[in-house]
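The chain contents come next:
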Number of protein chains: 2
Amino acid sequence: MRTAYHEQMADLNRILGHMSQLAGVAMERSTQALLQADLAVAEGVISDHEQIVRLSAQAEEQAFALLALQAPVAGDLRAIVSGFQIVADVDRMGALALHVSKVARRRHPAKALPEEVNGYFAEMGRLAVALAMNAREVLNSQDPSDALRLQADDDAMDDLHRHLFTVLMDREWRHGVAAAVDVTLLGRYYERFADHAVLIGRRVVFQSTGKTPEQFLEGQQQAQA
Amino acid sequence: MRTAYHEQMADLNRILGHMSQLAGVAMERSTQALLQADLAVAEGVISDHEQIVRLSAQAEEQAFALLALQAPVAGDLRAIVSGFQIVADVDRMGALALHVSKVARRRHPAKALPEEVNGYFAEMGRLAVALAMNAREVLNSQDPSDALRLQADDDAMDDLHRHLFTVLMDREWRHGVAAAVDVTLLGRYYERFADHAVLIGRRVVFQSTGKTPEQFLEGQQQAQA
């Protein structure tokens, strides 16, 4: 029974890791579509989104199969429920990447972004992709310390996001309200994408240790004291 | 066993219904804080948020207790997993109401909204509260037809949200970029709040019928044909 559980759980985490990677690739291409007003790339992200949706359904079925294994113990149940929650997180990451491509498509052939903020979005895109790829890594490795490190990349994202708002609010902003609205929503999409990656990291800590990230950190500090 | 399951499931849905109501009340007060730049009301929402967080934890524990009941059948498992997903939805609704109050607090004593869009937000607030209260009703009644009707209220929210953007994009907008950024984010908070209420309705259809909303509707149309 335990062997079946461990094998099937590893399968579930592999599907989730694959979804995370696809969400990262989607955000990478969406950022390219956005920065270069590349319609073909945006259309590609939009049509490939179906793949993430399909994997979501597959991951949920896999998690249900795990629940239906005879008498999983309490810790197993919690790990499986985390699995369902991670499906929702990666699914949302895919949807947010999709939103970015849709903005790029809506503004094409114009660029949605004023030149002035390109650097911010290039960097937010880089961080978002790194977070998605790190989420994939920790889903596979189940390493709680690596899982917690996703928070640090998200802090960098929050800093960028805050700076972006100071640029927007500056009296020197000359790009009008329509561009400001696009920049505001786009910034939010990248920030939320990163938030979900951090949540995946937190859930992996729980899956692998049975502890919340806060309990896990406290335990580590006590072990070192 | 089945009796224990049904009783505990009803308890879980009662907690979720209560959370939904609290999220609705929070959004009602946040809208008031926003429209009237009422700091005390905003602070109240912010300090009361703890209540929703506490109930989230309680609802998750209740759902775990349900999972741990001996050998729930496949349909029960799906209903319990929907319960976990509903926890995440109402939790997010509470967080979005909180975001609105935080904007009101940040701009106080000024009003965050230009007079011109007050009517939109009053109406989006009314719809959001109605959606939260209807979500509570269907969580308690488990009526799949009522659950699907939440979609119609959300269509009204989407219409308002779209109109709001046409106001923002209008060349006559004279309130500057900072106000446009606030209006953009606030509009998104109301829209997402409504989306989560609709998701709760969809999950109740699944809990009560074992079917997706699409399958349920198709079944009804076939029964009438």
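Residues numbered from 1 in each chain as written. Chains lettered and ligands numbered in written order. Predicted model: local features only at pLDDT ≥ 70, side-chain atom pairs only at ≥ 80, totals over all residues. Heavy atoms only, no water.

### Notes on the overall build of chain A
So the rule is basically this: We count a stretch as a helix when DSSP gives it H or I for four or more residues in a row; a strand needs E for two or more, and each element gets its number in order from the N terminus. With the radius of gyration taken over C-alpha atoms, the globule rule is written as 2.2 Å times the number of residues to the power 0.38. Buried, partly exposed and exposed residues are distinguished by accessible area as a fraction of the type maximum, computed with a 1.4 Å probe on protein chains only: under 20%, between the cut-offs, and over 50%, respectively. By definition in these notes, contact holds between two residues if any of their heavy atoms fall within 4.5 Å. The accessible surface values rely on the Shrake-Rupley method and a 1.4 Å probe; as for residues, cover is taken only from the protein chains in view. His is not counted here, nor are the chain ends, while Lys and Arg score as positive and Asp and Glu score as negative. We put the charge of a Lys on NZ, of an Arg on CZ, of an Asp on CG and of a Glu on CD.
Within chain A, the regular secondary structure consists of 8 helices and 0 strands. Sequence-ordered secondary structure for chain A, helices as α and strands as β, is α-α-α-α-α-α-α-α. Taking 17 Å as the expected radius of gyration for a compact globule of 225 residues, we find that chain A reaches 19 Å, a close match to that expectation. The C-alpha extent of chain A, read off along each of the three principal axes, is 65 × 45 × 20 Å. Scored against the burial criterion, the 225 residues of chain A give a buried share of 52%. Summarising the internal contacts of chain A: among those between residues at least 6 apart in sequence, 83% fall at separations of at least 24. Only carbon and sulfur atoms are counted for the fraction: they give 50% of the accessible area of chain A, which is about 10000 Å². Taken as two groups, the 22 positive and 30 negative side-chain charges of chain A have centres that lie 3 Å from each other.

### Re the relation of the copies chain A and chain B
In plain terms, the rule: Copy-to-copy alignment: least squares on C-alpha atoms, limited to residues at pLDDT 70 or above in both.
Turning chain A through 180° and shifting it by 0.0 Å along the axis lays it on chain B, with an RMSD of 0.0 Å. These values place the two chain copies in the arrangement generated by a two-fold rotation axis.

### Some remarks on the interface of chain A and chain B
What counts is decided by this rule: Put simply, buried area is the surface a 1.4 Å probe can reach on two separate parts but cannot reach once they are joined, added for both. Between Lys or Arg on one side and Asp or Glu on the other, a salt bridge is scored when a side-chain nitrogen of the former is within 4 Å of a carboxyl oxygen of the latter. Pairing of N or O atoms within 3.5 Å defines a polar contact, subject to two protein rules: one partner must be a possible hydrogen donor and the other a possible acceptor, and residues neighboring in sequence count only if both atoms are side-chain atoms. Lys, Arg, Asp and Glu make up the charged group, whereas Ala, Val, Leu, Ile, Met, Phe, Trp, Tyr, Cys and Pro make up the nonpolar group; the residues left over, Gly among them, are polar.
Each side of the interface is counted separately: chain A has 27 residues, and chain B has 27 residues. When chain A packs against chain B, close to 2300 Å² is buried across both sides, 70% of that on carbon and sulfur atoms. Per-residue buried area on chain A facing chain B is highest for F64(A), V177(A) and R188(A); these three make up 23% of the total on that side. Where chain A touches chain B, the interface holds 2 salt bridges. Of the charged contacts in the structure, one is a salt bridge between R78(A) and E61(B), with a shortest N-O distance of 3.0 Å. Summed over the shared surface of chain A and chain B, the result is 4 residue pairs in polar contact (both at pLDDT 80 or more). The element that contributes the greatest number of residues to the side of chain A that touches chain B is helix α7 (residues 176-209) of chain A, accounting for 10 residues. Among the residues forming the side of chain A that touches chain B, the class breakdown is 16 nonpolar, 4 polar and 7 charged.

### Let's talk about the side chain of Q85(B)
Within the fold, Q85(B) resides in helix α3 (residues 74-107). Setting aside its immediate chain neighbours within four residues, Q85(B) contacts E60(A) and R203(B).

### Things to note about the UniProt feature "domain: PhoU" (unreviewed entry) in chain A
Selection criterion: UniProt positions are given in the numbering used here, feature names are shortened, and annotations may be inferred rather than shown by experiment.
UniProt's feature table lists "domain: PhoU" (unreviewed entry) at residues 18-102 and 122-204 of chain A, given in the numbering used throughout. Secondary structure content for residues 122-204 of chain A is 89% helix and 0% strand, while the C-alpha to C-alpha distance between its ends is 28 Å.

### Some remarks on the environment of D76(B)
All names here are of chain B. With respect to the helices and strands, the residue D76 is situated in helix α3. Note on D76: relative accessible area 7%, which makes it buried. With 74 residues separating them in the primary sequence, D76 and R2 have C-alpha atoms 9.7 Å apart. Residues contacting D76, with those up to four places away along its chain left out, are R2 and Y5.

### Comments concerning the packing of helix α4 (residues 118-141) of chain A against helix α6 (residues 150-169) of chain A
The description of two packed helices rests on the angle between their axes and on the distance between the axes. All names here are of chain A. Selection criterion: Axes here mean lines fitted to C-alpha atoms, for a helix over just the part in contact, with angles spanning 0 to 180 degrees between N-to-C directions. Any angle between 65 and 115 degrees counts as roughly perpendicular, while under 35 counts as roughly parallel, over 145 as roughly antiparallel, and the rest as oblique. With the far helix as reference, a near helix turned anticlockwise by less than a right angle produces a left-handed crossing, and one turned clockwise produces a right-handed crossing.
Two numbers describe how α4 lies on α6: the axes approach to 10 Å, and their chain directions differ by 160°. As the angle between them shows, α4 and α6 are arranged roughly antiparallel. In terms of crossing hand, the pair formed by α4 and α6 is left-handed. Residues Y120, F121, E123, M124, L127, A128, L131, N134, A135 and V138 of α4 lie in contact with α6, whose contacting residues are L150, D153, D154, A156, M157, L160, H161, H163, L164 and V167. Considered class by class, the residues forming the contact of α4 with α6 number 14 nonpolar, 3 polar and 3 charged.

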